[in-house]
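So the chains spell out like this:
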Amino acid sequence: MHTGKTAQVDRKALFKSPPTVFTDKLISQEARRSKALEEQKRRRAQKFDSSRQLDAFADLNLGNSDDDGDLEDDPAIIHEGVSGFAQMISQPVEAPPLSSEAQNGQETMLSGKRRGKNRRKRAKAKASKWADKCMYAELLEMNEEAHLWDDQSGGATDGLPRDLEAAWVAVAPVPAGKRCLAVTHQSAGVIGISPNTTLRSRVLGKMLLPRFPSSLPPLTVLDCILDVNWKDNGIIHVLDVLKWKGQDVCDCETPFRFWWRDTRLAELPKPPIPSGSFSFTVPHTTTDPPPQHAAPHSNGFTPECYRFPYPTSFVPIPYHTDTTLTSLSSFVIPTARSRREIPVDIPVHTSPPEFISHEMAVDGTQDHGHARSTTSVIAQVDSDGLLLYVSQASYEEGTSPLSCWIPSKPLTESPEPPTGFEGDCSPLDVFQRLVQRRILRNTHGSLTQDSMDI
C-alpha cells in the first residue's frame, strides 16, 4: 500500500516537472538550438521562394525560331490501326468460387476492418486542431561546477548561451497561471459585447471557458497565461501573438512579434465590465454568515469582492531586448523576482451572481436596476520566473530549444533535479550566479589584457 502511494507521488512529480526534451544526451542544448535555428531559416527561405511562384516560370522557353523550322523535316505519320495492340491486353481470369467457410471468414475480416477504421476515425475526431500549438520553452540546462571556469576546462561551458548578450530577448516577470491560447471568431454582434473569444488548453486544445466577449478583433490567436486569480482581477497575460486579424505573424522574429503585440493591444478599446448577473457556474453558497473581517488574499482582494465571470483585461508581459550581463544582473533578474502591480477596474455595486445555464446571457453594458460605477484597484501578480527567446527565431509549435525557461522557485517536485541544482536553490539563483561569474571573468580578462599592454 505504501509502495503504490510512493509510485503515485513520483508519477505526479514527473508530470509537473519542466518538459525538457533530451533527444540525445550527447548533443548539448546549444547544438540543438543551432540546428533548430538553421532549420527555421531553411523553412522560411523555402516558404518565401514558394510565395514568389518561381516554379511557374521554370518551363517557359523562347521556342524555335522560323529559320530553324525550315531545316527540319516534316514529321513522319504512322498509319496503323489499334488491332495490333489488342493482343497485348490480358484476358480476365475467372476466380474459383469460394467455399462457405471462406466466405464467412472473409466477411468477418471485412467487418473487423470496418470496426478498426471506425475506431480510428473516432480517435482522430477527438483531436483538436489547437492541441500543442504553443511554443513551449525548455528548461535552461546550466552547470555551476567550479572547474568549468578554469582555463583548463577543455571547452566545457556553464550552459548559458554563448551569444546571450547580443542575440536574445528576455521576458520577465512571467506570471504564474495556466498556459492557453486565446482564439477569436467572427461574430455578428458588437465587439466587446457579443461572445467572440474562446480559451484553448495548451496540451489537448480543449475549451477552458465557454465563448465570452472581448475587445480583440476577429481571427486573432494569442499565446496567453491565464492568471491564477483571474476571477478576482479579470486578467489574462499575453505572452506572444500568432495571428492578428487573420494576418499570420509566426514567421516574424521575436522582437517584432513582441512589439506588434504591445502596439496592437494598446489600440484596443476598454472593454465593458461584465454584468453582475453573468456567471458560468453555480456560485458557492453557504448557510454560515460571512465573517466580519475577512483576511485579504495575496493579490490584494477580499472574498467579498466582485468575481469576474471571464477575463476582461489582456495585459502584455514585459520584454527586454537589452540582455547584456550588466542589465541582466542589475535589472532583468530582480524584475523576474518581484511582484507586478496592475491596475484593474471593478464595479462598486453589484448584485450576487445568479446561475445561468449553458447559454451565456450578455445584456450589454447595463446592469438592470444596479449602478455600474467602477473603482480602480491594484492587482498584485506573483512572478513565476524568466523566459529567454532567441531574437532571430520565429514562433513554432511544441517544445523548442529556441526558448528557455528559468523558474524562480526550486525544482523540489522533480525526483531527479538537473545537474547544477542543489537543495532549495532555484534555477533563477543559479542563473544569477553564473551571470555574475561571467561578469567577473570578463572584468578579470580585461584587467589582464591591460596589464599585458602596459
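Since we're looking at a predicted model, the values are computed, not measured.

## Quick look at helix H6 (residues 254–266)
It helps to recall that an α-helix has 3.6 residues per turn; residues three or four apart then point in one direction.
Reasoning step 1: In this model H6 runs 19 Å from its N-terminal to its C-terminal C-alpha over 13 residues, within 8% of the 18 Å that 1.5 Å per residue would give.
Reasoning step 2: The complete set of buried residues in H6 reads Thr254, Arg257, Phe258, Trp260, Arg261, Arg264 and Leu265. Burial along H6 is one-sided: seen end-on, the buried residues are contained in an arc of 160°.
Reasoning step 3: Against the buried residues of H6 lie strand E2 (168–175), strand E6 (221–227), strand E7 (235–244), strand E9 (313–316), strand E10 (319–320) and strand E13 (383–390).

## Some thoughts on unusual backbone geometry
Trans is the common state for peptide bonds, and a negative phi is the common state for residues other than glycine.
Reasoning step 1: Going from alanine 172 to proline 173, the amide bond is cis rather than trans, its omega being -5°.
Reasoning step 2: Mapped onto the secondary structure, proline 173 falls in strand E2.
Reasoning step 3: Backbone geometry at aspartate 132 places phi at a positive 55°, although glycine is not the residue there.
Reasoning step 4: Examined against the element boundaries, aspartate 132 turns out to sit in the loop between helix H4 (100–126) and strand E1 (135–139).

## A closer look at the pattern of salt bridges
Reasoning step 1: Under the counting rule described, the total for this entry stands at 20 salt bridges.
Reasoning step 2: Close ionic contact of lysine 133 with glutamate 397 constitutes a salt bridge, the shortest N to O distance being 2.9 Å. Residue lysine 133 is found in the loop between H4 and E1, and its partner glutamate 397 is found in the loop between E13 and strand E14 (398–407); the two are separated by 264 residues along the sequence.
Reasoning step 3: Classification of glutamate 397 as partly exposed rests on a relative accessible area of 49%.
Reasoning step 4: A single network of salt bridges, built from pairs that share partners, joins Glu39, Arg42, Arg43 and Glu396.

## Details of the packing of aromatic side chains
Reasoning step 1: Following the criterion strictly, the structure yields six aromatic pairs and no others.
Reasoning step 2: Between the aromatic rings of phenylalanine 212 and tyrosine 310, the centroid separation amounts to 5.4 Å while the plane-to-plane angle is 20°, which identifies the pairing as stacked. Within this pair, whereas phenylalanine 212 is found in strand E5 (residues 207–212), its partner tyrosine 310 is found in the loop between H6 and E9, the two being separated by 98 residues in sequence.
Reasoning step 3: Residue class for tyrosine 310 comes out buried when judged on its relative accessible area of 5%.
Reasoning step 4: Measuring from ring centre to ring centre gives 5.6 Å for phenylalanine 258 and tyrosine 389, while their planes differ by 90°; the resulting arrangement is edge-to-face. Here phenylalanine 258 is found in helix H6, whereas its partner tyrosine 389 is found in strand E13, with 131 residues between them in sequence.
Reasoning step 5: Taken together, the ring pairs in this structure connect Phe256, Trp259 and Trp260 into an aromatic cluster.
Reasoning step 6: Directly above the aromatic system of tyrosine 136 lies the positively charged group of arginine 202, at a separation of 3.8 Å from the ring centroid.

## What to know about the state of the cysteines
Reasoning step 1: If you walk through the whole model with that rule in mind, you get zero disulfides.
Reasoning step 2: Of the cysteine sulfurs around cysteine 224, a residue in no disulfide, the closest is that of cysteine 180, at 5.4 Å.

## Thoughts on the nonpolar core
Reasoning step 1: Formed by 49 residues in total, the largest nonpolar core has its most connected members in Leu160, Leu164, Val171, Leu386, Leu387, Leu388 and Phe431.
Reasoning step 2: Residues contacting leucine 387, with those up to four places away along its chain left out, are Ala137, Val169, Ala170, Val171, Val174, Leu239, Ser403, Cys404 and Trp405.
Reasoning step 3: Core analysis: the next-biggest nonpolar cluster, separate from the first, contains 19 residues, Cys180, Leu199, Leu222 and Val238 among them.

The rules behind the values
Residues numbered from 1 in each chain as written. Predicted model: local features only at pLDDT ≥ 70, side-chain atom pairs only at ≥ 80, totals over all residues. Heavy atoms only, no water. Helix = DSSP H or I, 4+ residues; strand = E, 2+ residues; numbered from the N terminus. Expected span 1.5 Å × (residues − 1). Buried < 20%, exposed > 50% of the residue type's maximum accessible area, 1.4 Å probe, protein only. Arc of directions from axis to C-beta. Contact = heavy atoms within 4.5 Å. Salt bridge = Lys/Arg side-chain N within 4 Å of Asp/Glu carboxyl O. Phe/Tyr/Trp six-rings, centres within 6.5 Å; stacked < 30°, edge-to-face > 60°. Lys NZ or Arg CZ within 6 Å of the ring centre and 35° of its normal. Disulfide = S-S within 2.5 Å. Core = buried A, V, L, I, M, F, W, Y, C linked by side-chain atoms within 4.5 Å.

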